[in-house]
Amino acid sequence: MTNALVWMRRRVREAWTDQLELQERMSLANRPWAEHYLHWARTADGWELHGHLLPPRGWRRFSVTRGGWCLGQLIARDRHPERD
C-alpha cells in the first residue's frame, strides 16, 4: 500500500474508534444509575475504583467506555471546575 492509503486507513480507524467512544459516553449519560455500580475508571493519575454497589449478574462492563471514561468523571468535573 502506498503511504497515502496507509495514512487514510489509519485516519478512518481513528475516526471509527472516536465515534464508538462517543456513542458509549452517550449511552452512559442515558443511564446515570450505572455510575453507582462498582467499576474501574481511568483518570489522569491512573485507574481508580468508582461506585458503591455490586453490579447485577451479567452486567459486564457497562459503567465505563472502552477507554475507561465514566459519567462520574464528568460529574466530578462539574462539581470542582478548578481541578481542570
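Structurally, the position occupied by glutamate 24 is in helix α1 (residues 3-29). Since its relative accessible area comes to 17%, glutamate 24 is described here as buried. Once you skip the residues sitting within four places of it in the chain, glutamate 24 turns out to touch Thr65 and Arg66.

A word on the environment of leucine 71. Here leucine 71 lies in helix α2 (residues 71-79). Spatially, the C-alpha atoms of leucine 71 and arginine 31 are 9.1 Å apart, while their sequence positions differ by 40 residues.

All right, on to α1 then. For α1, built from 27 residues, the straight-helix expectation of 39 Å at 1.5 Å per residue is met to within 8% by its first-to-last C-alpha distance of 39 Å. What α1 keeps buried is the set Glu21, Glu24 and Leu28.

Rules used throughout
Residues numbered from 1 in each chain as written. Predicted model: local features only at pLDDT ≥ 70, side-chain atom pairs only at ≥ 80, totals over all residues. Heavy atoms only, no water. Helix = DSSP H or I, 4+ residues; strand = E, 2+ residues; numbered from the N terminus. Buried < 20%, exposed > 50% of the residue type's maximum accessible area, 1.4 Å probe, protein only. Contact = heavy atoms within 4.5 Å. Expected span 1.5 Å × (residues − 1).

That is the geometry; function is a separate question.
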